[in-house]
Amino acid sequence: MAAGTGSGRTISSTFAPVRNYLLAPSWLVIGIFLLVPVLLMLVYSFLTKEFRGGVIWEFSLAAYDQFLFDRGLFGDDPPKIEWAYITIFARSIVQATGATILCLLIGFPTAYYIATRPTKTRAVWLFLVTIPYWVNLLIRTVSMKFLIRDNGPLNDALMGIGLFDSPLQLINTNTAVQLGLFYSYLPFMVLPIYAALERYNFAFSEAASDLYAPKWTILRWILIPVVKPGIIAGCILVFVPSLGAFLAPDLLGGAKTFMIGSLIEEQFKGNAGNWPFGAAASMILLSMVLVVLMFYARAQARDQV
Amino acid sequence: MTLKSLLTSTALVMTAQAAAAEGSLSVYHWFEYIPQELVDKFEAEYDIDVTIDTYDSNEALLASLKAGTLGSYDVAVPGDYMVQIMAGEGLLDTIAPGELSNFGNIQPQWVDVAFDPGRQHSIPYQWGSTSFSVNRDVYAGDINSTAILFDPPAELAGKINVLDSQGEVMALASLHLGIPQCTTDRDQLRALDDLLQTASESWASFGSDIAKDVLVSGDAAAGMIYNGFSAKAREEGANIEYAYPDEGYVVWMDNVVLLKDAPNRANAILFMDFLLEPENIAAVTNYAQYAAGVEGAAEFTDPALASSPENTPREGAGPGAFIAVCDQATQEVYDQIWTRLRS
Amino acid sequence: MRSRFDIRHYSGFFAITCACLFILYAPLIVVMIYSFNDSLSITTWGGFSLRWYADVFTGPESEKFKLAAWNSLSIAVMAASVATVIATAAAIGMIRGGKFKGKSASFALISLPIMVPEIVTAVATLIFFSAIGFQLGTLSILVAHIVFCIPFAYLPIAARLQGIEASYEEAAQDLYAGRWPTFRYVLMPIMGPGIVSGFLLAFIISLDDFIITNFIKGAGVETLPTAIFGSVKQGIKPNIMALSTLMLVFSIALVTLSYFIGKRGADPDTTA
């Protein structure tokens, strides 16, 4: 992810005099159409909601208050901590963490196996892992939905081989969402770890092996620390999109329990029509992601020293 | 500003192909609610290109229009209470008297309706009911009570789909409790909240557009559903029965409304007139299996429809009730109850 | 040599790799198989047939899908083209622009669209367009797509440019070539594969997008993902499976294309 920041072997400055002209289009486009909107969203989160959608330009902390405090159904009880939204955020974090761990457990060995193949076959394996990454996420989620429904192919197969008597109820459960997130972002885990492993010098492992280090010790104490940046990058690439996912909870989870993505969507497209609250929830999600990314940047900076 | 002109010109190129016909009409409609043949017929008759976008609840329609799509659609098809809300929000244009040549075709009982007195903004599209259907292979017991949804028997618990439509869920829940809709009584609102919180533990999914499919595919054993949609599910092979519960059920009428700032207002009027022709609106009835509100449509509708179990309320069923429009304070409580359901 | 081979091998990793590929492909293959199902019902097998492929092109929903496919492709081509041009300029500015203040801030801005979660981008864009009174439609989708395509185009292009020795341009400059000819005749041919993969990545990212498009689409503008989503909610029908399979094949063709382009232009320094 960090391509472009690293300093090249020599810092060329052929285009230095026109640098600002070259950079200006990207600054302008992203600045006007993303940075300004995000700042505007921050402003909106402090506005008063208009009944049935939209905002009134009056300062208000109501959105954040609603997020944090439960004042009862009628808004006049003494404030207690509001668990509803914290639960939704916690659920999303748990789901995203679960997906990340699952992806790591499957993704690391896969990346390792591919990286240790001879160059020729390696390309084939890599190609196979890349294809699903290019296939439309919606189509992959729909395929998963089709596969795991009550009388879908998976249950047919499981009951066919006599593993279960009645269909395994997967669809519309949190397990299905977990499975969907894991499935959606698995290639995101494999590719960066593979990239790190490809540069790994196996001489380190050999040296350790010559000193009679057991194989799993080598993996744990020599190899993993060296390829750690790739692992962290993979984890972030899975965790961040899982956190704000919309398709998996909507299609696989039956839209029954909200995750952050569906909670936000509901404020703008669904029944609730509470724009400031949707903006506030988006800001909270964004802050969480930025914190994660800051840790990543700091860890990376430390590794480079 | 060259970027902007580039974008504008490319957008022009892209929209150019849509403007090939004499005129165009942009319809914002419920999903699966108008037969393609009827759209084709209108397009051919008037040389007008029709584009149809779909939504899956009255609330989603309102949200989308308020979020910036107003001004790009000509007509929409909101339910009764939503016509009233949209009119109050200033989202509707007024149809001048005499502007619709087929206005006289509207059945008298549907002209001066409470949600749009004198039909200033709308014409009838279809009317029907909302309650629920149960898969008879899974549950053979009595289904004549809203308890099926709100206090389900063990066979159905965890296998229920509920419409993702606040208005309908709140109205049915109020009927179940025997409290008035949009009640301002705090104890009643608390009871409503408790009921839904408990009931939602037995619900598997929320969704309106999925309502038919989950019953056909067996993903759900019971589901809140519209009567015509349930009839279609039954025709597609689901062994389901649509209930007319003792506590009552929701009655609705969907209406074609003229939207404010409609880009093709004249074509919208043509379309509304077209849908007031008995033969045309009957085609919708035959497709969606609800009932039209136009004189003479019965002549063109499939006679079997009138006597279908979904269209015949059971003897002894509770009364049908239209969804009420709540004031802001109650609506905000409703919104809160609704969000708590999903957390 | 024997110990080295041993060191690289961990038992079980091969099995996990196979499991990984199985997980990745099983749902897609199942859908592919069922797209050839003759039966109306998606759950029972009624024999091999191509009827659902015919249905995609001629059936009742075909017009919707054709229009959506056209919208998707034209938006993706335009968004990816504009994003690639912007990203190429940015990459040269960042990597060949010497040392400058605000370089990391500039990089942060360019990668902002990747860092911000999609749903947040969707909300922010919707609020922005609503606040300035911008009519939602094709243009709003196009603008949003250009924004999030920029970093995806930028990454491969920048990576490629970093691998190119500065001596090429310096030689050209020594021969008094202006900056434009230096870019056009020296740098761009070497950067070519990077630019093409940047374009392809941006293209596929634009095609893939659902959340943002769904938030800001206007009247009558469906892209393939939003059209499929609307359709799928009412039940996974066999024609959707056929359409999915077609899109799958299209994606595979694109990966193959980008793979060969990447292979042809591998390692500019060593081949030169």
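This structure is a prediction, so every number in the text was calculated from the model and none was measured.

Peer 1: Could you give an account of the confidence of the model for chain B, naming the residues involved and the relevant values?
Peer 2: All names here are of chain B. On average, chain B scores 90 in pLDDT, and the residues at 70 or more come to 94%. Between residues 9-20, whose pLDDT stays under 50, and residues either more than four places distant or in other chains, the model counts 11 contacts. Reported confidence for the predicted complex is 0.87 by ipTM and 0.87 by pTM.

Peer 1: Please provide a residue-by-residue account of the interface of chain A and chain B, values included.
Peer 2: Listed per partner, the contact involves 35 residues of chain A and 42 residues of chain B. Counting the surface lost from both chain A and chain B, the interface buries some 3300 Å², and carbon and sulfur atoms represent 49% of this. Where chain A touches chain B, the interface holds 6 salt bridges. Where Glu89(B) meets Arg52(A), a salt bridge forms, and the shortest distance between an N and an O atom there is 3.9 Å. Applying the counting criterion to the chain A and chain B interface returns 7 residue pairs in polar contact (both at pLDDT 80 or more). Broken down by secondary-structure element, the contributors of at least two residues to the side of chain A that touches chain B are α3 (83-115) and α11 (260-269) of chain A.

Peer 1: How would you summarise the state of the cysteines if you had to cite specific residues and measurements?
Peer 2: Residue and element names in this part refer to chain B. Across all of its chains, the model carries 1 disulfide over all chains by this definition. Each sulfur of the disulfide joining Cys-182 and Cys-326 lies 2.0 Å from the other. One quick way to see it: the torsion about the S-S bond of Cys-182 and Cys-326 is about -75°, and its sign makes the bridge left-handed. Taken as a pair, Cys-182 in the loop between α6 (166-177) and α7 (186-200) and Cys-326 in the loop between β10 (320-321) and α13 (328-341) lie far apart in primary sequence, 144 residues in all.

Peer 1: Please set out the pattern of salt bridges residue by residue, giving values where relevant.
Peer 2: Across all of its chains, the model carries 24 salt bridges over all chains by this definition. The shortest N-O distance in the salt bridge between Arg186(B) and Asp76(A) comes to 2.9 Å. Of this pair, Arg186(B) sits in helix α7 while Asp76(A) sits in the loop between β3 (69-70) and β4 (80-81), each in a different chain. Under the relative-accessibility criterion, Asp76(A) is labelled partly exposed at 45%. The residue Asp246(B) makes a salt bridge to Arg314(B) at a minimum N-O spacing of 2.7 Å. Taken together, the residues span a long stretch of sequence, with Asp246(B) in the loop between β8 (240-243) and β9 (249-258) and Arg314(B) in the loop between α12 (303-306) and β10 at a distance of 68 residues.

Calculation notes
- Throughout, residues of each chain are indexed from 1 in the direction in which the sequence is written.
- Labels follow written order: the first chain is A, the first ligand is 1, and so on.
- This being a predicted model, a pLDDT of at least 70 is required before a residue's local features are given, and a value of 80 or more before pairs of side-chain atoms are given or counted; all residues contribute to the totals for chains, interfaces and linings.
- The side-chain numbers reported here are obtained from all heavy atoms of the structure, hydrogens and water having been left aside.
- Values of pLDDT, which run from 0 to 100, indicate the predictor's confidence residue by residue.
- Working rule for contacts: check all heavy atoms of both residues, and any pair within 4.5 Å makes them a contact.
- Defined in terms of a 1.4 Å probe, buried area is the accessible area two parts forfeit on being brought together, summed over both.
- Should a side-chain nitrogen of Lys or Arg be within 4 Å of a carboxyl oxygen of Asp or Glu, the pair is scored as a salt bridge.
- We define a polar contact as two N or O atoms separated by no more than 3.5 Å, with the added condition that, inside protein, one atom must be a possible hydrogen donor and the other a possible acceptor, whereas residues neighbouring each other in sequence contribute only through side-chain atom pairs.
- Numbering goes from the N terminus for both helices and strands, where a helix is a DSSP run of H or I of at least four residues and a strand is a run of E of at least two.
- In plain terms, two cysteine sulfur atoms within 2.5 Å form what is called a disulfide here.
- Partly exposed residues are those whose accessible area sits between 20% and 50% of the maximum for their type, while under 20% is buried and over 50% is exposed, using a 1.4 Å probe and protein chains only.

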